[in-house]
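Summary of structural features
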Amino acid sequence: MALKKVKGNFERMFDKNLTDLVRGIRNNKENEAKYISQCMEDIKQELRQDNLSVKSNAIAKLTYLQMLGYDISWAGFNIIEVMSSNKFTLKRIGYLAASQSFHCDSELLMLTTNMIRKELNSQNQYEAGLALTSLSCYISTDLARDLSNDILTLLSSTKPYIRKKAVLMMYKVFLKYPEALRPAFPRLKEKLEDPDPGVQSAAVNVVCELARKNPKNYLSLAPVFFKLMTTSTNNWMLIKIIKLFGALTPLEPRLGKKLIEPLTNLIHSTSAMSLLYECINTVIAVLISISSGMPNHAASIQLCVQKLRILIEDSDQNLKYLGLLAMSKILKTHPKSVQAHKDLILQCLEDKDESIRLRALDLLYGMVSKKNLMEIVKKLMVHMDKAEGTVYRDELLSKIILICSQNNYQFITNFEWYITVLVELAQMEFGSKQGHVIGAQLMDVCIRVQAIRAFAVTEMAQLLDIYTSTNQFTIMQEVLYAAAWLTGEFATELEQPEQTLRCMLKYKCLPQHIESVFIHNIIKLFAHVMEKYELAGRFDDILELCDAILAKMDDSIKSAELEVQERASTALIIINIVKEEILAKKNSKLMDTGEDPQPDELVASEILSLFSGELNPVAPKAQKKVPVPEGLDLDAWINEPIETTSDSDSEPENTENLFVKSDKYDYGSKSEKYQHEPTEDEIKKNREARKFEQQNNPHYLKGSLSSELNSSNGNENIENIPVAELNLNIPPLKILGQKRSDKYLKLQQKEKKPKKKSKKKKKHHKSESSSDDDNADTVPAVEVKQHMELPEGATLSDSESEQHKLDDPHRALDIDLDLPSIGDMLARKDGDEFETDKKEKKKLKKKDENVKDKKSDKHKSERRKKGKVENLLKLDLINDDEEVKIEQKTKKVKKDKKKSKDKDKEGKTKTKKSSSGYEEALGISTPTKENYPS
Amino acid sequence: MIKAILVFNNHGKPRLSKFYQYFPEDMQQQIIKETFQLVSKRDDNVCNFLEGGSLIGGSDYKLIYRHYATLYFVFCVDSSESELGILDLIQVFVETLDKCFENVCELDLIFHVDKVHFILNELVMGGMVLETNMNEILTRIEDQNKLEKQEAGISAAPARAVSAVKNMNIPQQIKDIKLPDLPQAIKDLKF
């Protein structure tokens with residue numbers, strides 16, 4: 001037996017250890033996979049042996065292979081074996097492997113509960129720490145439930161190392177087992193004032209994570225945090241606290257007012273950029289939440305913007321990036337302060353760093369005015385030519401469209417220019433989704449701006465011409481969709497409809513939805529052409545056109561796509577009918593030439609009546625807002641399903657999506673979410689808000705206001721709205737592919753100098769001679785329709801955020817902590833037993849809790865609110881006269897623990913040292929020991 | 001919260017991967033690959049932040065990285081972390097490695113991934129920052145190393161001797177020598 005053991009040990013020396021494995025892999029680069037599979041065999045062999053150190057060696061190797069992408073879950077049981085070793089060295093290997101490969105759904109975790117519990121209660125703090133660290137990576141609901149009490153006990157361990165880890169661990173427990181939050185919370189709160197800075201920082205960290213998702217439950221902690229913020233020097237912790245305040249202020253404006261002063265002080269005093277930046281961020285959050293009613297509110301904004309300018313001007317790209325990021329937050333509420341730094345932001349657009357350019361693009365949104373829109377867009381177009389990589393291009397495109405279309409095209413003075421820009425964009429290369437964006441934009445502009453239709457339709461006709469005649473596919477197909485639709489819909493505006501019709505007839509291999517639009521609009525266009533010819537009596541031309549269309553439709557009807565087939569056959573039949581009618585008419589005309597055809601007898605007008613009627617823009621959410629009629633139960637079966645055998649069960653699901661792309665909305669089952677029916681008051685309020693908006697909107701013609709308001713959605717009155725006529729005397733443009741949009745820019749620049757005549761130019765001039773800021777009261781150049789169709793009573797602003805939160809694990813943690821439960825009370829008693837040595841500290845806190853205890857014994861929400869308010873009022877007290885008292889008290893406590901206080905100080909200075917100088921870099925030296933893998 | 005910490009070299013070879021949220025192994029490799037592609041094409045003089053890849057995170061997540069000589073240290077974090085703070089943390093991590101390995105280089109990370117993990121575990125726990133004070137971290141690591149040494153004692157001496165011999169690069173033949181099986185008679189002996 002002894003001999004065997006000796007032999008086993010001896011053999012073991014020649015086993016490969018981790019170093020050998022790594023070296024082996026590096027030496028077998030050509031057939032790495034083969035070598036590793038060989039090693040796997042060895043490892044399996046080793047795992048079969050009894051010796052734990054052999055096993056641990058194997059597990060260590062497996063952990064390495066896991067990093068290279070090999071699944072090691074099969075060795076789970078062996079990992080647990082190694083974890084259970086008595087030796088720290090082996091245990092460590094086991095726990096590391098577990099933290100890398102286990103996850104919360106592993107069934108093996110059941111086996112670990114008792115082992116981990118034993119480890120948590122170990123005398124050796126590093127063994128307990130090891131277990132905590134590892135557990136944090138794979139804790140499951142079961143483990144959280146079974147171990148939460150053990151971990152809670154560790155919160156009052158005498159060793160700060162354990163306390164620190166246990167505090168962080170509690171957060172993971174809460175996530176998996178929300179019931180633990182209420183009883184554990186008082187303890188957690190105590191840890192905010194732990195003598196050890198590390199524990200304190202961990203507690204702050206956990207509360208911040210909790211409060212980030214459910215801030216309202218943590219408002220009562222504001223005074224504690226406020227004190228920490230004004231006393232602590234640990235930058236890391238300060239950052240967390242300040243971030244937390246940023247989340248709390250929107251809920252309690254008074255807190256924000258209190259914060260402004262200390263935060264501004266920090267901004268002035270701190271040398272750490274990270275802290276400065278977070279302070280600015282929170283000040284911004286505060287200013288957004290209170291927005292007005294602050295005396296030196298403008299001064300704070302000014303300070304922030306100034307500091308941010310310094311950041312943006314810094315040569316460090318990181319600061320530049322963050323500066324721009326924070327600017328974009330200010331932009332939302334205080335656009336004017338940001339606009340002052342337009343030069344800087346435009347400069348950042350030229351930066352070589354893509355991240356910075358993207359951030360600057362975000363800011364552009366607020367930088368544009370009527371005056372500089374053309375210029376900025378031109379710059380962006382130049383970038384578009386230079387830009388590599390579709391991500392940045394796509395971003396540029398969507399930003400161009402965003403800045404132009406914002407606020408109902410508020411800044412566009414010349415829609416011809418905008419259409420030209422869009423047409424140019426359509427001829428560039430983008431990611432697949434972008435064509436759709438441009439197409440949608442073209443249609444939107446034309447539908448909403450009546451005056452531009454003639455110009456746009458000519459442009460579209462040219463696009464179609466280029467597409468069909470040159471055989472080049474540079475025009476995005478999704479744009480063709482828009483082009484076809486627009487030319488068909490607004491055919492009356494076309495100059496040479498027949499030519500366009502013949503262009504459209506030449507289409508070839510298009511995606512089905514575009515092809516069907518082509519077919520449909522060919523008919524529309526044909527109707528217009530025919531009307532003209534019929535009046536002129538050119539029946540032969542009509543017949544000839546009919547034949548051309550019929551020939552094309554004969555092709556399309558063979559399409560594999562159902563939609564195309566159907567459209568084509570409809571078209572075929574219509575055209576055939578027309579042909580017969582026209583033939584008959586022609587014959588009758590040949591017979592008796594005396595009479596003129598009466599207009600009401602026109603065949604064309606009959607077809608035209610198929611397409612008559614104005615289209616209105618529909619609000620994006622309109623479909624969702626259609627209320628489910630009373631008595632309609634979408635979940636009910638229309639016909640009871642036929643009993644089927646199990647193998648045909650999948651069929652119905654497939655057929656559902658056969659014809660229509662499946663839309664994930666299941667209206668029936670979610671009906672309660674959007675059933676929100678506005679009350680009379682709400683409707684009234686909305687109406688008033690709309691009225692106010694309309695009055696302030698320069699594009700809204702005020703004369704029509706009263707009549708607009710009489711109808712519920714105003715759409716019926718569109719014909720009555722006077723449309724400002726554009727007197728355009730620009731010759732039609734024929735050449736595509738050039739930078740034609742520049743022309744408009746030059747035109748605009750020219751206009752600035754001489755005071756010229758022309759009706760339109762005068763208008764232009766007015767808006768330009770006045771300064772940037774009075775965009776608001778310029779004469780509307782073009783009327784833009786703003787109404788969108790919505791179901792009665794629905795408003796655009798109805799929130800839908802609830803839906804998105806459903807799968808968030810933090811939802812379960814939304815627990816009002818001011819309400820004590822029985823468990824809470826028990827836990828508090830427990831706490832007293834454990835913390836007899838900290839009684840002095842408790843005294844300090846008692847006051848705080850007394851207020852809450854009294855209030856919360858009665859489970860009334862009103863009372864709770866009061867409690868919160870009082871806590872907040874305390875905040876004022878702390879800041880004013882009680883601050884001194886409390887500080888004295890804390891000093892007393894600290895005297896009793898001189899040692900810990902000294903440590904405390906040491907820690908603080910060190911952390912300060914390590915976190916303040918973020919710039920200094922101590923790089924890894926270039927390796928010289930061995931050659932590199934390449 | 002920190003979602004993942006990745007260390008890889010200039011060629012995208014992983015040197016350390018720590019995910020604080022579960023991903024299956026093949027997904028982990030894809031994430032590493034994607035992250036490498038995002039990070040490696042950036043110049044050294046551009047900013048150290050970029051929006052997270054499609055695989056990991058989404059809009060709330062950011063990649064914050066530093067590039068040292070041949071290695072990229074990438075942290076994937078959500079908006080509750082301070083960007084500059086995480087840059088500091090990476091610095092603390094690297095400085096700690098430098099102290100523990102005495103002039104750390106890529107090779108140290110290659111051959112001692114386990115140790116690097118142990119060091120990282122003293123900085124970050126379950127995705128939350130545990131300690132940022134370097135001296136505190138170093139004491140904890142030393143304490144644990146001492147613990148290991150005590151356990152090793154004499155029993156580990158032969159193993160250490162063998163590994164020393166191995167490092168001398170003995171020809172493969174010697175390693176392949178199989179010890180003869182013990183005679184059946186000896187095995188059957190009962191004590």
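Residues numbered from 1 in each chain as written. Chains lettered and ligands numbered in written order. Predicted model: local features only at pLDDT ≥ 70, side-chain atom pairs only at ≥ 80, totals over all residues. Heavy atoms only, no water.

This part covers the confidence of the model for chain B. Residues and elements named next belong to chain B. Taken over all residues, the pLDDT of chain B has a mean of 82, while the share at 70 or more is 79%. Throughout residues 172–177 the model reports pLDDT below 50, and contacts reaching past four residues in sequence, or to other chains, amount to one contact. In the predicted assembly, ipTM is 0.84 and pTM is 0.65. (pLDDT = per-residue confidence, 0-100. Contact = heavy atoms within 4.5 Å.)

All names here are of chain A. Contact geometry of helix α18 (residues 317–333) with helix α21 (residues 354–367) gives a least axis separation of 9 Å together with a crossing angle of 25°. Comparing the axis directions of α18 and α21 gives the class roughly parallel. In the packing of α18 onto α21, the handedness of the crossing is left-handed. Mapping the contact onto sequence places Gln-317, Lys-320, Tyr-321, Leu-324, Leu-325, Met-327, Ser-328 and Leu-331 in α18 and Ser-355, Ile-356, Arg-359, Ala-360, Asp-362, Leu-363, Gly-366 and Met-367 in α21. Classifying every residue of the contact of α18 with α21 gives nine nonpolar, four polar and three charged. (Axes fitted to C-alpha atoms, helices over the stretch in contact; angles between N-to-C directions. Helix = DSSP H or I, 4+ residues; strand = E, 2+ residues; numbered from the N terminus. Parallel < 35°, antiparallel > 145°, perpendicular 65-115°, else oblique. Left-handed = near helix turned anticlockwise from the far one by under 90°. Nonpolar A, V, L, I, M, F, W, Y, C, P; charged D, E, K, R; others polar.)

What follows is about a nonpolar patch on the surface. A cluster of nonpolar side chains, contributed by Phe77(A), Met110(A) and Leu111(A), occupies part of the molecular surface with about 350 Å² of accessible area. Secondary-structure assignment places Phe77(A) in helix α5 (residues 76–83). (Patch = residues over 30% accessible without salt bridge, like charges linked within 9 Å, V, L, I, M, F, W, Y side chains within 5 Å. Areas by Shrake-Rupley, 256 points an atom, 1.4 Å probe, with all protein chains shown as cover. Salt bridge = Lys/Arg side-chain N within 4 Å of Asp/Glu carboxyl O.)

All names here are of chain B. Counting buried residues along strand β5 (residues 71–77), seven of its seven residues qualify, which places the element largely inside the surrounding structure. Residues Leu-71, Phe-73, Phe-75 and Val-77 line one face of β5 and the alternating positions Tyr-72, Val-74 and Cys-76 line the opposite face, and both faces are buried. Pairing of strand β1 (residues 2–9) with β5, which is carried by seven bridges, proceeds in the antiparallel orientation. Within the sheet, the bridge partner assigned to Ala-4 lies in β5 and is Cys-76. Alignment of strand β4 (residues 62–68) against β5, held across seven bridges, turns out to be antiparallel. Within β5, the residue paired with Tyr-68 across the bridge is Leu-71. (Buried < 20%, exposed > 50% of the residue type's maximum accessible area, 1.4 Å probe, protein only. Pairing = 2+ DSSP bridges.)

Residues and elements named next belong to chain B. We note that Glu-102 has phi near 55°; this positive angle belongs to a residue other than glycine. Mapping Glu-102 onto the fold places it in the loop between α2 (83–101) and α3 (106–111). Accessibility expressed as a relative area gives 65% for Glu-102, which makes it exposed. Residue Asn-103 is not a glycine yet carries a positive backbone phi of 60°. Tracing the backbone shows Asn-103 in the loop between α2 and α3. Using a relative accessible area of 51% as the deciding quantity, one classes Asn-103 as exposed.

With that settled, the discussion passes to the confidence of the model for chain A. Residues and elements named next belong to chain A. Taken over all residues, the pLDDT of chain A has a mean of 73, while the share at 70 or more is 66%. Highest mean pLDDT in chain A belongs to helix α10 (residues 160–176) (93); lowest belongs to helix α38 (residues 759–769) (39). Contacts from residues 647–675, a stretch scored under 50 in pLDDT, to residues over four places away or in other chains number 17 contacts.

Moving on: the pairing of strand β2 (residues 14–19) of chain B. All names here are of chain B. Taken across its six residues, β2 has six buried, putting it largely inside the fold. In this sheet, β2 lies alongside β1 in antiparallel orientation, the contact comprising five bridges. Bridge pairing links Ile-5 to Lys-18 in β2. If you look at the hairpin formed by β1 and β2, you'll find four residues sitting between the two strands, and Gly-12 has a positive phi there, around 85°.

This brings us to the packing of aromatic side chains. Across all of its chains, the model carries 15 aromatic pairs over all chains by this definition. Between Phe225(A) and Phe245(A), the aromatic rings sit 6.5 Å apart at their centres with planes inclined by 80°, giving edge-to-face as the arrangement. Here Phe225(A) is found in helix α13 (residues 222–231), whereas its partner Phe245(A) is found in helix α14 (residues 235–248), with 20 residues between them in sequence. Neither residue differs from the other here; Phe225(A) and Phe245(A) are each classed as buried. Ring geometry for Tyr321(A) and Phe49(B): centres 5.2 Å apart, planes at 40°, overall tilted. With one member in each of two chains, Tyr321(A) in helix α18 and Phe49(B) in strand β3 (residues 49–51) form a pair that bridges those chains. In this structure Tyr321(A) comes out as buried when scored by relative accessible area, which is 0%. Classification of Phe49(B) by relative accessible area gives buried; the value is 0%. Cluster of aromatic residues (ring-pair linked, three or more members): Tyr409(A), Phe415(A), Trp417(A) and Tyr418(A). Over the ring of Phe118(B) we find Arg92(A); its NZ or CZ atom is 3.9 Å from the centre of that ring. Sitting over the face of the ring of Tyr61(B), Lys3(B) holds its NZ or CZ atom 4.3 Å from the ring centroid. (Phe/Tyr/Trp six-rings, centres within 6.5 Å; stacked < 30°, edge-to-face > 60°. Lys NZ or Arg CZ within 6 Å of the ring centre and 35° of its normal.)

As a further point, take the side chain of Ser516(A). Residues and elements named next belong to chain A. The residue Ser-516 is located in helix α29 (residues 512–536) in this model. In this structure the side chain of Ser-516 is engaged in a polar contact, spanning 3.3 Å, whose partner is the backbone oxygen of His-513. Look past the residues within four positions of Ser-516 in its chain and what remains in contact with it is Glu-563, Val-564 and Arg-567. (Polar contact = N/O pair within 3.5 Å; in protein donor to acceptor, adjacent residues only side chain to side chain.)

What follows concerns the packing of helix α15 (residues 253–269) of chain A against helix α17 (residues 297–313) of chain A. Residue and element names in this part refer to chain A. The contact between α15 and α17 brings their axes to 12 Å, and the two run at 30°. Judged by the angle between their axes, α15 and α17 are roughly parallel. Seen from above, α15 lies across α17 with left-handed handedness. Of the residues in α17, those touching α15 at Ile-260, Thr-264, Ile-267 and His-268 are Ser-300, Leu-303 and Lys-307. Residue composition of the contact of α15 with α17, grouped by class: three nonpolar, three polar and one charged.

A complete count under the given rule lists 38 salt bridges over all chains for this structure. Taking the shortest distance from any N to any O, the salt bridge between Lys240(A) and Glu81(B) comes out at 3.3 Å. Of this pair, Lys240(A) sits in helix α14 while Glu81(B) sits in the loop between β5 and α2, on two different chains. Judged by its relative accessible area of 4%, Lys240(A) is buried.

What follows covers helix α8 (residues 125–138) of chain A. All names here are of chain A. Between its first and last C-alpha atoms α8 spans 21 Å; for 14 residues at 1.5 Å apiece the expected length is 20 Å, and the two agree. Counting buried positions along α8 gives 14 out of 14 residues, so the element sits mostly inside the fold. One side-chain oxygen at the N-terminal end of α8 lies 2.8 Å from the backbone nitrogen of Tyr-126; it belongs to Asn-124. (Expected span 1.5 Å × (residues − 1).)

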